[in-house]
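Examination of the molecular architecture
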Amino acid sequence: QIQLVESGGGLVQAGGSLRLSCAASGRTFSSSAMGWFRQAPGKERESVAALSWSGANTYYADSVKGRFTISRDNAKNTVYLQMNSLKPEDTAVYYCAAAKTINLNGPRARDFGSWGQGTQVTVSP
């Protein structure tokens, strides 16, 4: 099983940027699909972005397309989420997750077997 630790969250004004990192431990990281999810208070966890083990194929939720970029560095066992043009509605706890295989047309939380503890992102108006 992969252990995941997120970092990079914080408070930012609308229009600003943040870069989340997810450090993974475990020999299977480079062969795992990775995803970022978020959960706002009172709402269900939703998929934000995901990418294949090679990084060649990606998925983005419509709400973040053109603003967020997911990437990975398999040499560093790290996956990133670059978030630009942040909006107050992006406020949530962001989770990193790993899976053996996923459907990049619509990643589902239940397909991911390893999860990080989450990092808070707060966007002020």
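Data block above holds the structure.
Read on for a plain summary of the structure. Throughout, residues of each chain are indexed from 1 in the direction in which the sequence is written. At least 70 in pLDDT is required for a residue's local features to be given in this predicted model, at least 80 for side-chain atom pairs to be given and counted, and no such filter applies to totals for whole chains, interfaces and linings, which use all residues. Note that the side-chain values use all heavy atoms of the structure and ignore hydrogens as well as water.

Further remarks concern the state of the cysteines. Sulfur atoms of two cysteines make up a disulfide when they are within 2.5 Å. The full count for this structure, using the stated rule, is 1 disulfide. Residue cysteine 22 pairs covalently with cysteine 96 via a disulfide, S to S 2.1 Å. Taking the torsion about the sulfur-sulfur bond, which here is approximately -80°, the covalent link between cysteine 22 and cysteine 96 counts as left-handed. Taken together, the positions of cysteine 22 in strand E3 (residues 18-25) and cysteine 96 in strand E9 (residues 92-99) put the pair 74 residues apart, joining distant regions of the chain. Exposure categories follow from relative accessible area, calculated using a 1.4 Å probe and restricted to protein chains: below 20% of the type maximum is buried, above 50% is exposed, and the middle band is partly exposed. On the basis of relative accessibility, which here comes to 0%, the residue cysteine 22 falls in the buried class. Per the convention used, a helix needs a DSSP run of H or I reaching at least four residues, while a strand needs a run of E reaching at least two, with both numbered from the N terminus.

Turning our eyes to something else, we now look at the packing of aromatic side chains. Each pair of aromatic rings taken from Phe, Tyr and Trp, with Trp reduced to its six-membered ring, is defined by centres within 6.5 Å and is described as stacked if the planes are under 30 degrees apart, edge-to-face if over 60, and tilted in the remaining cases. Inspection of every chain in the model, using the stated rule, returns 4 aromatic pairs. Geometrically, the ring pair formed by phenylalanine 37 and tryptophan 115 is tilted, given 4.9 Å between the ring centres and 55° between the ring planes. Taken together, the residues span a long stretch of sequence, with phenylalanine 37 in strand E4 (residues 33-39) and tryptophan 115 in strand E10 (residues 114-115) at a distance of 78 residues. Its relative accessible area of 2% is what places phenylalanine 37 among the buried residues.

The next subject is the layout of surface pockets. Its volume calculated, the largest pocket comes out at about 200 Å³. Gln1, Ile2, Thr28, Ser31, Ser32, Ala98, Ala99, Lys100, Asp111, Gly113 and Ser114 together form the lining of the largest pocket. When residues are grouped by polarity, Ala, Val, Leu, Ile, Met, Phe, Trp, Tyr, Cys and Pro land in nonpolar, Asp, Glu, Lys and Arg in charged, and all others, Gly among them, in polar. Class assignment for the residues of the lining of the largest pocket results in 3 nonpolar, 6 polar and 2 charged. Space inside and on the surface of the protein is sampled on a 1 Å grid over the protein atoms alone, with a cavity defined as a set of points where a 1.4 Å probe fits but cannot get out and a pocket as an open set with protein on both sides within 12 Å along at least 5 of 7 lines; lining residues have an atom within 4 Å of a point. Grid points are joined across faces, edges and corners, and a volume is the space filled by probe spheres set on the points.

Within the secondary structure layout, glycine 15 lies in the loop between strand E2 (10-13) and E3. The exposed category is assigned to glycine 15, whose relative accessible area is 54%. For the pair glycine 15 and isoleucine 102, spaced 87 residues apart in the sequence, the C-alpha separation amounts to 31 Å. For this analysis, residues touch if any pair of their heavy atoms sits within 4.5 Å. When sequence neighbours within four positions are dropped, the list of residues in contact with glycine 15 reads Ser85 and Leu86.

It is worth spelling out the side chain of serine 114 at this point. Here serine 114 lies in strand E10. Discounting chain neighbours no more than four positions away, the residues touching serine 114 are Gln1, Ile2, Leu4, Cys96, Ala97 and Ala98.

For glutamine 3, the position within the fold is in strand E1 (residues 3-7). Glutamine 3 sits 100 residues away from asparagine 103 along the chain, and the two C-alpha atoms are 22 Å apart. Beyond its immediate sequence surroundings of up to four residues, glutamine 3 is in contact with Ala23, Ala24 and Ser25.

For asparagine 77, which is not glycine, the phi torsion reads 55° and is therefore positive. With respect to the helices and strands, asparagine 77 occurs in the loop between strand E7 (68-73) and strand E8 (78-83). The phi torsion at serine 85 lies on the positive side, around 50°, for a residue other than glycine. Its location among the elements puts serine 85 in the loop between E8 and E9. Taking the relative accessible area as the measure of exposure, serine 85 reaches 42% and is therefore partly exposed.

It is worth spelling out the nonpolar core at this point. To qualify as a nonpolar core, a set must consist of buried Ala, Val, Leu, Ile, Met, Phe, Trp, Tyr and Cys residues joined through side-chain atoms within 4.5 Å. Met34, Trp36, Leu81, Met83 and Tyr94 are the most contacted members of the largest nonpolar core, which totals 37 residues. Counting residues per element, this core draws most heavily on E9, at 6 residues.

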